[in-house]
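Given next are the chains, with one letter for each unit.
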Amino acid sequence: MSRVNVMQPWLGREEVAALSEVISSGWIAQGPRVAAFEADFARMQQAEHAVAVSSCTAALHLALKVAGVRLGDEVVVPSFSFIATANAPTYVGAQPVFADVDPVTGNLTARTVEKVLSERTRAVIAVDQGGVPVALDELRALCDPRGIVVIEDAACGAGSTYLERPVGAGAEIAVWSFHPRKIITTGEGGMITTAHADWADRARRLREHSMSVSAADRHGSTLAQLEEYTEIGFNYRMTDLQAAVGIVQLGRLPEIIERRRQFAEVYTKYINDIDGLRAVADPSGGTTNFQSYWIEVGDPYPLDRDDLLAHLASLDISARRGIMTAHRQPAYAHQGLGPGSLPVSEHLSDNTLILPLFHEMSVGEQARVISALLTGSGDKP
Ligand SMILES: *Cc1c(COP(=O)(O)O)cnc(C)c1O
């Protein structure tokens, strides 16, 4: 029996064809394919503007900058997230302030955020954790009147919906990831979507050294226009190679979501009948893409989370520990947040695991995972 992976990107001949077309064209850096990918992405996510960048981490950095977050500001973030969420505020000289999350969804809520607001709070980074849509409206109802910007970290959220629209569509600004661990991939890559034209313009310049004329435009003219550097920028460009793959991947998104939700439904049907296991589910007001299909392990399930991981591994099934907490990492030891300071985040992180779920997973592979959960519970599969 071969190993069941926790995640695998779905790539095919179409991506290969798109890549070779770009290579044949002779233009591989940021150019027409990046512009086309941005237009497609904006349409798909019902966003007014989309700006492609090299990663979601870069997107978070630029989102904070264009939203005006500066030295000395505070930015509320969940600790229960991939560490990039917590790191980004520091890039602009701001301080990340951790808020706890909801025990059911794993997302920030207006209640958990309100507890840590201060006079210095300038922004909140609200994550659609594992693809589960965050309750954005209640966060904005809290933050908008106080002049606090809510940045939606939709790194894992492509294909999830909130209030019948794609996640991110209701945000002032949202950021996305195309790392292979996410729903669609460009190898590495990210996107910013925003309702503000001026924020999009500035992000577009900042990703390219804040040049007043883009490299692609200069290349298009025989006598290159003289450029100006309007502020200190970065090289956060996506390449046309990546964007060409992204365009194909975006076309696959509806099919990916449909298949993931089918697999999730089967998992959930079995898991809800096993005492002591709880599966991630659609929250009220939205649907998840099940980017991470996680389960919480508790009494009376006979194995704890780590034992269940070991049991799965012994059957050549690769599961993963739940989402990390940033505040317990050495990088954040200086904040002095001891055990118990974010009880829900810690509980979820320590008692959940992510099960295999990917587009090309076979029914047989899923059956192996389900039967392992049943034997782990002492039941006959
Ligand atoms: C993966 C992830 C990121 C970082 O994305 P990259 O594209 O790898 O930089 C940021 N935030 C969240 C919530 C993520 O899951």
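The structure this text deals with has already been given above.
Position numbers for residues count from 1 along each chain, tracking the sequence in the order it is written. Per-residue local features are limited, in this predicted model, to residues with pLDDT of at least 70; the limit for side-chain atom pairs, both in listing and counting, is 80 or more; totals at the level of whole chains, interfaces and linings are taken over all residues. The side-chain values count all of the structure's non-hydrogen atoms but skip hydrogen atoms and water molecules.

Draft legend 1. Inspection of helix H7 (residues 197-206) at higher detail. Exposure is judged per residue with a 1.4 Å probe applied to protein chains only, and the accessible area is read against the type maximum: over 50% gives exposed, under 20% gives buried, and values in between give partly exposed. Strands are runs of DSSP state E lasting at least 2 residues, helices are runs of H or I lasting at least 4, and numbering of each runs from the N terminus. For H7, the complete set of buried residues consists of Trp199, Ala200, Ala203 and Leu206. Viewed along the axis of H7, the buried residues span an arc of 130 degrees, placing them on a single side of the element. Only heavy atoms matter for contacts: two residues are in contact if any of them lie within 4.5 Å across the pair. Buried residues in H7 make contact with strand E1 (49-53), helix H3 (56-66), strand E5 (149-153), strand E8 (173-177) and strand E9 (190-194). The directions considered for the arc are those from the helix axis to the C-beta atoms.

Draft legend 2. Structural context of the sheet that holds E5. The criterion for strand pairing is that DSSP finds at least two bridges linking the strands in question. Reading across from one edge, E1-E9-E8-E5-E4-E2-E3 is the order of the 7 strands in this open sheet, with mixed pairing throughout. Each edge of the open sheet is held by one strand with a lone partner, namely E1 and strand E3 (95-99). On average, each strand axis in the sheet is inclined to that of its neighbour by 25 degrees, with strand direction left out of account. Sheet topology note: the strand E4 (residues 121-127)/E5 ladder contains 5 bridges and is parallel. Bridge pairing links Ile125 to Ile151 in E5. Each of E1, E5, E8 and E9 touches H7; the most contacted strand, E1, lies at about 20 degrees to it. Only C-alpha atoms enter the line fits that serve as axes; for helices the fit covers just the stretch in contact. Angles between N-to-C directions range over 0 to 180 degrees.

Draft legend 3. Main features of the packing of helix H9 (residues 240-271) against helix H12 (residues 363-376). Running from N to C, H9 and H12 point in directions that differ by 20 degrees, and their axes come no closer than 11 Å. The orientation of H9 relative to H12 falls into the category roughly parallel. Considering the relative orientation of H9 and H12, their crossing is right-handed. For the pair H9 and H12, contact is made by Phe263, Val266, Tyr267, Tyr270 and Ile271 and by Gln366, Val369, Ile370 and Leu373, respectively. Any angle from 65 to 115 degrees is called roughly perpendicular, while one under 35 is roughly parallel, one over 145 is roughly antiparallel, and all others are oblique. It is the rotation of the near helix from the far one that decides the hand of a crossing: anticlockwise by less than a right angle makes it left-handed, clockwise makes it right-handed.

Draft legend 4. Structural detail: the sheet that holds strand E6 (residues 161-162). Strand order in this open sheet of 3 strands is E7-E6-E11, and the pairing throughout is antiparallel. Both outer strands of the open sheet, strand E7 (165-166) and strand E11 (286-287), are each paired with one neighbouring strand and no more. For E6 and E11, the ladder comprises 2 bridges, and the chain directions are antiparallel. Across the sheet, the residue bridging to Tyr162 is Gly286, located in E11.

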